[in-house]
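Residues per chain are reported as follows:
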Amino acid sequence: MLSSRARGRLTVMALGLLFLLSIGAAGIAWERWRNEPPAPCGAVPSERQLEWLRMEWYAFVHFGINTFTNREWGFGDEASSLFSPSTIDVDGTVRAFREAGMSGLIYTAKHHDGFCLWPTRSTQHNVAHSPWKNGQGDVVRLFADSCAKEGLKFGIYVSPWDRHHAEYGRAGYLVDFEQQVRELLTHYGEIFEIWFDGAQGGDGYYGGARENRCIESDAYYNFPHIINLVRQLQPNCIVWGADNLGDVRWGGSEKGCAPYPCVNVVNPDTPDEKWISWEADTTINRAGWFWHPDQQTSVKSPQELMDIYFASVGHGANLILNVALNRDGQADGADLASLAAFGEMRRKLLTEDYALGARATASSVRRQSRRYAAGNAVDGDEETYWCSAEEDALPVYLELRLSKPATFDVVRLREQIRLGQRVQAFRLEAWRDGAWKEIDGGGMSIGYRVMRRLAQPITTDRVRLVVTRSRACPCISEFSLLRTPGAVQHTSQASGSCDQPHDAYLSRKRWSSPAPDACAAWDGKEDTCWQSDAAPLIIDLGETRTFNGFACLPSQNDSSERLADHFCLEVSTDAQNWSIVSEGEFSNVRANPILQRIVFPSTVAARYVRLTGRSTQKSFITTVAEFYLLPPPMPSRSGAADNDVK
Ligand code: FUL
Ligand code: CA
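Because the structure is predicted, anything quoted here is derived from the model rather than measured.

Undergrad: How would you sum up the sheet that holds strand S22 (residues 566-572)? Please name residues and give values.
TA: Strand order in the open sheet formed by 5 strands is S23-S22-S24-S21-S26, with antiparallel pairing between adjacent strands. Only two strands of the sheet have a single partner each, and these edge strands are strand S23 (579-585) and strand S26 (626-630). Looking at each pair of strands side by side, their axes are set apart by 50° on average, direction ignored. Bridge count between strand S21 (residues 537-553) and S26: 5 bridges; the pairing is antiparallel. Considered in S26, the bridge of Ala 551 is made with Tyr 628.

This is how it looks when you write it as structure tokens:
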């Protein structure tokens, strides 16, 4: 039996313990409450999309039948025997991509011409029926292996539009298309992205029918079904396009830019709100997506690539940059040189973040918790973030004090997008001469990443981000200060084709036309343009000239959906009797209105030229911003015997 004294002591002890326990429990609850993350705001990216966003930029490789026919879109009637590269040095090219800092590669396993670059069972129209390696080769395999070796992710472009297939437009084709997707996602290891291109130009070979087959809509392809198949075979694979049912959408042009503000949610504030990321695509060479014999002079400069980088990656999109393979199965040296130089510039830009480890403070911190402290934005870790207090009214700010003044001209910001894309407007300020001065007032979105180029380099040890509009309390995971390497500062935003070598064309000094406004087509200005919805463009060359082709730059303003996508070119010696020299397609001109270069089967001599636009679509407009005639090839030019296959 315990004495009453002992009993009393025990009771006190028990009570004490209970008290401590409840304090502890309250403390734990308090800690939990303090560390509780804010609720996600709107749609959030999937793990797959997050992983993909980290890839930032990667290569596109166009290589197939068109490489051998000097076309951008094959008609579908090309013989398999045309595919005859001497060798294919995929390894060298892929290594160059890796060395430039690219994270992956997407290869055109089948383009619109329908020729499959792997030995598919779905159609005879494939590489097994080509002379290359006596039909034993597989280009898709070469790329997959090479990427695995170099540590690059590998992706596939497979065109839904198929100008070769007899059943295209009908149910029969869909069976084969599904088979193609199945093979590509089964036999080549991990595929990080599959591109279902939306292009559809209407006419084609279609097993010999040679007719126009405009499908009603993308519903024809039954993408929900195809996407299920992709998910089943490759759960981590990003689906591009597919009528916007996939994970990623097109940047909207083929110039390599994404819109700004760059908003990653579609149908915002509705039950259908969904996260779709942006991908901006373009080519390193102005000649087009496929390799062309005369493209050496059309390579975009490293500075232009830097502008493209800021207009895509800098806005929050991923950049897919095309480098075509030539007839020797490798990238041109000129393309790779520019790529390497740009890669070096990018590396230097990203080498040093002057904000890392800075002392960071903020207008408020969520629940005063260290987990959401300002310092999280300068710790070099994308996952940790600063979050303002829920009750803190906008504007809120995040301030950095550097240990010593730094010079920078690029500010990179990231949001913790696992919690949604929140920020809708912000400005940047630097502390100079005793006051906050705005250095950038135009921020309209952040998302996974935004890189703001300042008008000029700034030297300071105090900067701040001021968020003025946000869907919910901002969650900033990174605030970086970067500097563009030496010579690269701000080239012009324009990356048109203004540096085309003009002596590659006949002189236009004596040209005239019955149409008064036609001279806009040879005034040397890409922003002036002759246009008509019915009449042809007639040019009097002033004297009889010999030429073997023409080049035509369509309108460069943004209304390209109606551009004539076919043409007929006639010549005459008296402006009365005309004969057709060339008829054909301005392939892909609506998505990519670049200079269209058409080489005739043989040289012609004439004084008058007549260009008529055509289209497979009812409504169209013929536009000519600049028109050139190509001089006949000079017999002495070494190795210039790269004649077109017709
Ligand atoms: C477009 C195609 O029509 C072009 O030929 C190219 O493949 C580009 C990437 O996509 O829609
Ligand atoms: Ca962080």
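Past the structure itself, the notes keep going.
Undergrad: So, the coordination of the calcium ion (ligand 2): which residues are in play, and what are the values?
TA: Taken together, the protein donors to the calcium ion (ligand 2) comprise Asn 376 (O), Asp 379 (OD), Asp 381 (O), Thr 384 (O), Thr 384 (OG1) and Ser 477 (O), at separations of 2.1 to 2.6 Å. What the 6 donor atoms of the calcium ion (ligand 2) show is an angle range of 71 to 168° at the metal, which sorts the shape as irregular. Considered as a linear motif, the donors of the calcium ion (ligand 2) on their single chain read N-x2-D-x1-D-x2-T-x92-S. With relative accessibility at 35%, the residue Asp 379 sits in the partly exposed group. Residue classification places Asp 381 among the partly exposed residues on the basis of a relative accessible area of 31%.

Undergrad: How would you summarise the side chain of Asp 332 if you had to cite specific residues and measurements?
TA: Inspection of the secondary structure assignment puts Asp 332 in the loop between strand S12 (318-322) and helix H9 (333-351). For the buried residue Asp 332, which engages in no salt bridge, the nearest side chain bearing the opposite charge is Arg 327, 9.8 Å off. At 3.3 Å, the side chain of Asp 332 and the side chain of Gln 296 are in polar contact.

Undergrad: Outline the packing of aromatic side chains, supporting the account with residue identities and numerical values.
TA: Overall, the coordinates contain 38 aromatic pairs when judged by the stated rule. Geometrically, the ring pair formed by Trp 431 and Trp 436 is edge-to-face, given 5.3 Å between the ring centres and 75° between the ring planes. Accessibility expressed as a relative area gives 29% for Trp 431, which makes it partly exposed. With relative accessibility at 22%, the residue Trp 436 sits in the partly exposed group. Lying across the ring of Tyr 448, Arg 414 places its NZ or CZ 4.6 Å from the centre.

Undergrad: Run through a nonpolar patch on the surface, naming residues and quoting values.
TA: Residues Phe 19, Leu 20 and Ile 23 make up a contiguous nonpolar surface patch of about 320 Å² in total accessible area. Its location among the elements puts Ile 23 in helix H1 (residues 4-35).

Undergrad: Break down the packing of helix H4 (residues 90-100) against helix H5 (residues 139-150) for me, with residues and values.
TA: The geometry of H4 relative to H5 is characterised by a closest axis approach of 9 Å and an angle of 45° between their N-to-C directions. As judged from the angle between their axes, H4 and H5 are oblique. As H4 runs across H5, the sense of the crossing is right-handed. Touching Val 90, Asp 91, Val 94, Arg 95 and Arg 98 of H4 are Leu 142, Phe 143, Ser 146, Cys 147, Lys 149 and Glu 150, all from H5. For the contact of H4 with H5, the residue count by class is 5 nonpolar, 1 polar and 5 charged.

Undergrad: I'd like to hear about the domain arrangement of the chain, residue by residue, with values.
TA: When cut into domains, the chain gives domain 1 (47-350), domain 2 (359-482) and domain 3 (518-630). The C-alpha centroid of domain 3 is placed 29 Å from the C-alpha centroid of domain 1. Listed as interface residues are 16 residues of domain 1 and, on the opposing side, 10 residues of domain 3. Linking domain 1 to domain 3 there are 3 salt bridges. Arg 597 is the salt-bridge partner of Asp 294, the closest N and O atoms lying 2.1 Å from each other. Across the contact surface, domain 1 and domain 3 share 8 residue pairs in polar contact (both at pLDDT 80 or more).

Undergrad: Which residues make up the packing of helix H6 (residues 171-186) against helix H7 (residues 223-233), and what values do they have?
TA: Axes are the key here: two packed helices are described by the angle between their axes and the distance separating the axes. It is at 10 Å that the axes of H6 and H7 come closest, and there the two elements cross at 20°. Between H6 and H7, the crossing angle belongs to the class labelled roughly parallel. Relative to H7, the crossing made by H6 is right-handed. On the side of H6, the interface is formed by Phe 177, Glu 178, Val 181, Arg 182, Leu 185 and Thr 186, while H7 contributes His 225, Ile 226, Leu 229, Val 230 and Leu 233. Tallied by class, residues from the contact of H6 with H7 come to 7 nonpolar, 2 polar and 2 charged.

Undergrad: For the site of ligand 1, give the residues involved together with the corresponding values.
TA: Taken together, 13 residues form the shell around ligand 1, and within it His 62, Trp 73, His 111, His 112 and Asp 197 come nearest. Contact between ligand 1 and Asp 197: an oxygen atom at 2.7 Å from a side-chain N or O atom of the residue. In this structure, Asn 588 approaches ligand 1 through a side-chain N or O atom, which is 3.3 Å from an oxygen atom. Calculation on ligand 1 without its partners gives an accessible area of 300 Å², and the protein chains cover 97% of this total. When grouped by side-chain class, the residues that make up the shell around ligand 1 number 6 nonpolar, 4 polar and 3 charged.

Undergrad: Give a description of H5 that names residues and reports values.
TA: Each full turn of the α-helix corresponds to 3.6 residues, which orients residues three or four apart in the same direction. Taking 1.5 Å as the rise per residue, H5 with 12 residues should run 16 Å; its terminal C-alpha atoms sit 17 Å apart, in good agreement. Buried residues of H5: Val 139, Val 140, Phe 143, Ala 144, Ser 146, Cys 147 and Glu 150, and no others. Each element contacted by the buried residues of H5 is listed here: strand S1 (57-61), H4, strand S2 (104-110), strand S3 (153-158) and H6. The residue sitting at the N-terminus of H5 and contributing the capping side-chain oxygen is Asp 138; that oxygen lies 3.0 Å from the backbone nitrogen of Val 140. In the stretch just after H5, Gly 151 is the one whose phi turns positive, near 75°.

Undergrad: Please provide a residue-by-residue account of the pattern of salt bridges, values included.
TA: Across all of its chains, the model carries 42 salt bridges by this definition. Note that Glu 382 and Arg 54 form a salt bridge whose closest N and O atoms lie 3.6 Å from each other. With Glu 382 in the loop between strand S13 (359-362) and strand S14 (386-387) and Arg 54 in the loop between helix H2 (47-53) and S1, the pair connects residues that are 328 residues apart, well separated along the chain. Accessibility expressed as a relative area gives 25% for Glu 382, which makes it partly exposed. Residue Arg 54 is classed as partly exposed on the basis of its relative accessible area, which comes to 39%.

What counts as what
Residues numbered from 1 in each chain as written. Chains lettered and ligands numbered in written order. Predicted model: local features only at pLDDT ≥ 70, side-chain atom pairs only at ≥ 80, totals over all residues. Heavy atoms only, no water. Pairing = 2+ DSSP bridges. Helix = DSSP H or I, 4+ residues; strand = E, 2+ residues; numbered from the N terminus. Axes fitted to C-alpha atoms, helices over the stretch in contact; angles between N-to-C directions. Donors = N, O, S within 2.8 Å, 3.2 Å for Na, K, Ca; no water. Tetrahedral: all angles 85-135°; square planar, octahedral: opposite > 155°, others 65-115°. Buried < 20%, exposed > 50% of the residue type's maximum accessible area, 1.4 Å probe, protein only. Lys, Arg positive; Asp, Glu negative; His and termini not counted. Salt bridge = Lys/Arg side-chain N within 4 Å of Asp/Glu carboxyl O. Polar contact = N/O pair within 3.5 Å; in protein donor to acceptor, adjacent residues only side chain to side chain. Phe/Tyr/Trp six-rings, centres within 6.5 Å; stacked < 30°, edge-to-face > 60°. Lys NZ or Arg CZ within 6 Å of the ring centre and 35° of its normal. Patch = residues over 30% accessible without salt bridge, like charges linked within 9 Å, V, L, I, M, F, W, Y side chains within 5 Å. Areas by Shrake-Rupley, 256 points an atom, 1.4 Å probe, with all protein chains shown as cover. Parallel < 35°, antiparallel > 145°, perpendicular 65-115°, else oblique. Left-handed = near helix turned anticlockwise from the far one by under 90°. Contact = heavy atoms within 4.5 Å. Nonpolar A, V, L, I, M, F, W, Y, C, P; charged D, E, K, R; others polar. Domains from an automatic or database assignment. Near = heavy atom within 4 Å. Expected span 1.5 Å × (residues − 1).

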